[in-house]
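# Architecture and fold: a report
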Amino acid sequence: MINNILRLYFIMGSMNTKQNDPIEVLELALQGGITCFQFREKGVASKQGQEKFLFAEKCMKLCRTYKVPFIVNDDVDLALALNADGVHIGQDDEIASQVREKIGKDKILGVSVHNEEEAFLAQKAGADYVGVGPVYATSSKEDARTPAGTKVMEQVAFQYPYLPIVGIGGLTKENLAPVFKAGGAGVALISAIASAENPQHQAKQLRAKIDRILERESPLSEHP
Ligand code: 3NM
């Protein structure tokens, strides 16, 4: 079920972990209980070509060990070459319907959206989920838009109740609760885990908090 995969969605590239080894950070995050991983190798100092492929392959193998889906940001060819579990694209990347055609119906397709119209087009193109952000200010994305809180999430959730949504941008365990109140299925984040002193502990705490929130919301929890 896609909603369970989206609960704690960790995104990382080699430039997000400062002095720590990104592979070590990813393994700690997996041990801490992330439910999905997005490989996002972007920016000026990012790996390219064969180096990027080998790094992505290492990350994917690690994710497979922990049975956590491995999603590739933006690079459809890389996702296909690796046989990744899915692709995530933004509005400036390839058109969602084309990506769906290339990856087939079984792989996960995620699309970043910023308003109801983009959400409409994403679900029409066959997106399995949409990312809405930035919820709060972020320094992890150079061209991030103005933070919109959870307003857009609420609108998208209202219009498309069956379209799973993840909130993204500046999310931490202290400020993530409104994402779920707005109808989010999960949180996608980089720095809260990648920059944490102890990524495993941080992921574990995030996961525990999210699970608590979602269990409270579940109709089953009303009948203990
Ligand atoms: N996309 P952090 S914000 C990759 O608004 C990304 O679409 C965003 O990193 C969007 O958790 C963002 O460190 C960066 O704020 C999220």
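You'll find the structure just up there.
Everything in this summary refers to the structure shown in the same document. What you see is a predicted model; the values in this text were computed from it and never measured. (Residues numbered from 1 in each chain as written. Predicted model: local features only at pLDDT ≥ 70, side-chain atom pairs only at ≥ 80, totals over all residues. Heavy atoms only, no water.)

### Remarks on the site of the ligand
Close to the ligand lie Arg 40, Gly 133, Pro 134, Thr 138, Ser 140, Lys 141, Ile 168, Gly 169, Gly 170, Leu 189, Ile 190 and Ser 191, which account for all nearby residues. Contact distances for the ligand include 2.4 Å between an oxygen atom and a side-chain N or O atom of Ser 140. Side-chain polar atom of Ser 191 to an oxygen atom of the ligand: 2.5 Å apart, as the coordinates give it. Within the complex, the protein chains bury 96% of what would otherwise be the 420 Å² of accessible surface of the ligand. In the shell around the ligand, the residues fall into four nonpolar, six polar and two charged. (Near = heavy atom within 4 Å. Polar contact = N/O pair within 3.5 Å; in protein donor to acceptor, adjacent residues only side chain to side chain. Areas by Shrake-Rupley, 256 points an atom, 1.4 Å probe, with all protein chains shown as cover. Nonpolar A, V, L, I, M, F, W, Y, C, P; charged D, E, K, R; others polar.)

### Focus: the sheet that holds strand 5 (residues 108-113)
Pairing is parallel around the closed barrel formed by eight strands, whose spatial order is 1-2-3-4-5-6-7-8. The mean angle between the axes of side-by-side strands here comes to 25°, regardless of whether they run parallel or antiparallel. Pairing between strand 3 (residues 70-73) and strand 4 (residues 86-89): three bridges, direction parallel. Opposite Ile 71, over in strand 4, you have Gly 86 as the bridge partner. On the sheet, helix 5 (residues 96-103) packs against strand 4 and strand 5 and is oriented at approximately 165° with respect to strand 5. (Pairing = 2+ DSSP bridges. Helix = DSSP H or I, 4+ residues; strand = E, 2+ residues; numbered from the N terminus. Axes fitted to C-alpha atoms, helices over the stretch in contact; angles between N-to-C directions. Contact = heavy atoms within 4.5 Å.)

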